[in-house]
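Chain by chain, the residues:
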Amino acid sequence: MNKLEVLLENEIIRPIDLELCRFLCTQHPEIPGGVLLAACLTSYLYRRGDVCLLVGQYAEQQVFDDSDDGVSLKAPSQQEWVQQLRSCPAVGTPGDYKPLILDQVHRLYLHKLWHYEHTLGKELIRKSKQQVELTDHARLRDGLQTLFGPAGSGVDWQRVAAATAVKNKLSIISGGPGTGKTTTVVRILALILEEADQKGQSPDVVLAAPTGKAAARLKESIAASLDTLDLPGHILSAIPSEAYTLHQLLGAQRYSSRFRHNAENPLPFDLVVIDEASMVDQALMSKVMEALLEHSRLILLGDKDQLASVEAGSVLGDICNVNQNRYSAEKINWLKKMSLSVPETFLAEKPKALTDNITLLTKSYRFDEKSGVAHLSRQVNSGDASEAIALLKSKEFNDIKWHESDSLADLEQVLEQRLPDYFRSIVEAGSPAKALEAFNRFRIFSAHRRGPWGIRHLNQLIEKLLQRREMIPKYADWYPGRPVIINVNDYQIELFNGDTGVCLPNEEGVLNVYFNNDNRVRAVSPRRLPDHETAYALTVHKSQGSEFDEVLLTLPAKPSRVVSRELIYTAITRARTSVGIFAAPEVLRQGIEKKIERTSGLSDQLWS
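Since the structure is predicted, the reported quantities are computational estimates derived from the model, not experimental observations.

**Student:** Explain the sheet that holds strand β5 (residues 170-175) here, please?
**Tutor:** Working definition: the strands of a sheet are paired by backbone hydrogen bonds and lie parallel or antiparallel to each other. Pairing in this open sheet of 6 strands is parallel, and the strands run β7-β6-β8-β9-β5-β10 from one edge to the other. Looking at the sheet topology across the chains shown, the edges are occupied by β7 (244-245) and β10 (358-361). Here strand β6 (residues 205-209) pairs with β7 via 2 bridges, running parallel. Bridge pairing links A209 to T245 in β7.

**Student:** Looking at this structure, how should I read the UniProt feature "domain: AAA+ ATPase" (unreviewed entry) in the protein chain?
**Tutor:** Mapped onto the present numbering, the UniProt feature "domain: AAA+ ATPase" (unreviewed entry) falls at residues 167-326. The annotated region residues 167-326 carries 37% helix and 14% strand content, and the separation between its end C-alpha atoms amounts to 17 Å.

**Student:** Help me out: how do you make sense of unusual backbone geometry in this one?
**Tutor:** With the exception of glycine, the majority of residues adopt a negative phi angle, and the majority of peptide bonds are in the trans configuration. Notably, E276 is not glycine yet its phi reads approximately 50°, a positive angle. Positive phi outside glycine occurs at S339, with the angle close to 65°. Here S339 is to be found in the loop between α15 (329-337) and β10. Exposure remark for S339: the relative accessible area of 60% places this residue in the exposed category.

**Student:** Just to check I follow, could you spell out the domain arrangement of the protein chain for this structure?
**Tutor:** A common way to state how big an interface is: give the accessible area lost once the parts meet. Considered domain by domain, the protein chain is made up of domain 1 (1-118), domain 2 (136-230 + 276-282 + 295-366) and domain 3 (372-593). In this assembly, 18 residues from domain 2 lie in contact with 24 residues from domain 3. In this assembly, domain 2 packs against domain 3 so that about 1,800 Å² is buried in total across both faces, 46% of it on carbon and sulfur atoms. Here domain 2 is connected to domain 3 by 1 salt bridge. Across the pair R217 and E547 runs a salt bridge, and its minimum N-O distance is 3.5 Å. Where domain 2 meets domain 3, there are 6 residue pairs in polar contact (both at pLDDT 80 or more). Considered class by class, the residues forming the side of domain 2 that touches domain 3 number 5 nonpolar, 5 polar and 8 charged.

**Student:** Explain the side chain of S174 here, please?
**Tutor:** With respect to the element layout, S174 can be found in strand β5. Under the relative-accessibility criterion, S174 is labelled buried at 3%. Among the polar contacts made by the side chain of S174, one reaches the main-chain amide nitrogen of K304 at a distance of 3.0 Å. The contact partners of S174, leaving out residues within four places of it in the chain, are K181, G302, D303, K304, C320, T359, L360 and L361.

Quick notes on the rules
Residues numbered from 1 in each chain as written. Predicted model: local features only at pLDDT ≥ 70, side-chain atom pairs only at ≥ 80, totals over all residues. Heavy atoms only, no water. Pairing = 2+ DSSP bridges. Helix = DSSP H or I, 4+ residues; strand = E, 2+ residues; numbered from the N terminus. UniProt positions renumbered as here; feature names shortened; annotations may be inferred. Buried < 20%, exposed > 50% of the residue type's maximum accessible area, 1.4 Å probe, protein only. Domains from an automatic or database assignment. Contact = heavy atoms within 4.5 Å. Buried area = accessible area lost by both parts, 1.4 Å probe. Salt bridge = Lys/Arg side-chain N within 4 Å of Asp/Glu carboxyl O. Polar contact = N/O pair within 3.5 Å; in protein donor to acceptor, adjacent residues only side chain to side chain. Nonpolar A, V, L, I, M, F, W, Y, C, P; charged D, E, K, R; others polar.

Structural data, given as structure tokens:
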């Protein structure tokens, strides 16, 4: 315990990590030191995104590798460690009600995390087996033809995803930006509602996303897609015009981690659509699955290759544990009846529970083959650092640029060249709507919040740059052109985590912060804003669910555990037209080669 207390003093572990160990000592005074170490490490890894501790991975290793205070904590051998855990009364096996759970392959969980994972896997498998009895295949074939137009050459995975979602009560659609996930889901809703209408049914549909910003984007994307379709009035009216955060949907309660909707009080919807599913952590997704009605449909949309959730788990990645579409022979034969020909090269030799429920959308409609952004994103996503760096060095494409440096002074020069004209385009836009449009043309990303390469320092650096040019005042918190991002949800004034706005004077010269919600620009007094910060630069995590014309990704001078393939891919794919990367070669190389592996047992539960 003494060494763990030193780790707490040096802010390596959190108070809750140590309190867990103290609780175990109180309940079991003879508890072995190896069990306390495993418990503390499991809690510590949870903060870093792992759902459990894989004992074999840390056996005989120096643990808490970010400790530089000389405290040496070496884990026992795997055999000794497992023996200590199995013989400890505080440790149970799956299904036991004990503080810690050790499974058959030596994954150690906090009990609540084992429960969430077990529940999520069980409910996904159960839901994957539920199908809808289709009475008129010809109507579905005609509907696909009407909504998607004439079939082209090759497999149209959007049509396959739509047919799958009509037949299966669980459907997972993953694809990169521009692959048409929202376009596809609108057509899916139309097909499902038309099928239900023929049966005299009127299903209740709800749209949701993990954050307020993502929910707002989903709502806007659905509305934009509906404008392109000629649907009957009763179908249009049945497609929701609102989208909710998952916490709103489940009924978050103040001062409680429990939701109003759960297994005893399920959600009153027949079809639930969740966008940006990669941002949903394991605990929250487990609670969603528990709260569904027995007959409810669930459609998950997202990009499995993006950054995982801030909290523990990598749910969409674990669910979509496939590199290309694979289907059972039964599914391929059924698709043929729908006039959807899927070659036998996509046949799954040993289909698993979720095999027929997943569709990967692979064609991007945003970028063509002449796009450097598309080429770069593919190479980063595949982990091919040498090819990605060679592409950047080749200067073959005008829409990607590499600033090869690890110097903040060099970054300041880059910002000096880009920022003044950008800032001027915001403050001289002529109206709040045009100012917001100008603001969203460009964004700077960082991997970190703190440190010399973090967003706090970058935002300060940018403000000093603008002050030197006398474009903003030196001693004012609020000034025309200041961009801000909201950090919390405030349902009273309808501002949500991730919303961005720009400070501008109104007609009387009074400064307000203007936001664009539902294509409606509105002003909010700076005094009324919930927790917020300056937003010239954002973390890549905060950028998820957003798009900008031009993106500049800045990476730290030295390799960081935060910089990963997923982070770089996510940053690149926020861009509509061009990407700049400011990074040293080795930091960029290591980042592209480093794939985040979050430890959990969900993938094994679903795919073994």
